[in-house]
Amino acid sequence: MEKILLKHLLKNGMLPTEDELSQWRAGAIGAWLDAKGSFEPDVARRVLLEQGMDGFVAQLEKAGAL
């Protein structure tokens, strides 16, 4: 998802700063924690890794969301 979003933003000349991305990730981690138990962690991990979101997966795992 993050790569798709970045591709869209680049196409439209709206590249977010690293600080903005960091804030987005922090909010996203909270949402994942809120949704914990409503998804299969192994499936979510696999899908995120297939999208190249290795760093985000590591953050989710550290936070206990996966």
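Here is a short report on the structure shown in this document. Please read these numbers as outputs of a predicted model, since none were measured by experiment.

Attention now goes to the packing of helix α2 (residues 18-35) against helix α4 (residues 54-63). Angle between the axes and distance between the axes: these two values describe a pair of packed helices. Relative to each other, α2 and α4 sit at 50 degrees, their axes nearing to 10 Å. Taken together, the axes of α2 and α4 lie oblique to each other. Note that α2 runs across α4; the crossing there is right-handed. Counted together, Arg25, Ala28, Ile29, Trp32 and Leu33 of α2 and Phe56, Gln59, Leu60 and Ala63 of α4 form the full contact between these two elements. The residue inventory of the contact of α2 with α4, partitioned by class, reads seven nonpolar, one polar and one charged.

All right, on to the nonpolar core then. Core analysis: the biggest nonpolar cluster contains 10 residues, these being Ala28, Ile29, Ala44, Leu48, Met53, Phe56, Val57, Leu60, Ala65 and Leu66. The set of elements that each furnish at least two residues to this core consists of α2, α3 (41-50) and α4. The element that contributes the greatest number of residues to this core is α4, accounting for three residues. Other than its neighbours up to four places away in sequence, Ile29 contacts Phe56, Gln59, Leu60 and Ala63.

Criteria and thresholds
- Residues numbered from 1 in each chain as written.
- Predicted model: local features only at pLDDT ≥ 70, side-chain atom pairs only at ≥ 80, totals over all residues.
- Heavy atoms only, no water.
- Axes fitted to C-alpha atoms, helices over the stretch in contact; angles between N-to-C directions.
- Helix = DSSP H or I, 4+ residues; strand = E, 2+ residues; numbered from the N terminus.
- Parallel < 35°, antiparallel > 145°, perpendicular 65-115°, else oblique.
- Left-handed = near helix turned anticlockwise from the far one by under 90°.
- Contact = heavy atoms within 4.5 Å.
- Nonpolar A, V, L, I, M, F, W, Y, C, P; charged D, E, K, R; others polar.
- Core = buried A, V, L, I, M, F, W, Y, C linked by side-chain atoms within 4.5 Å.
- Buried < 20%, exposed > 50% of the residue type's maximum accessible area, 1.4 Å probe, protein only.

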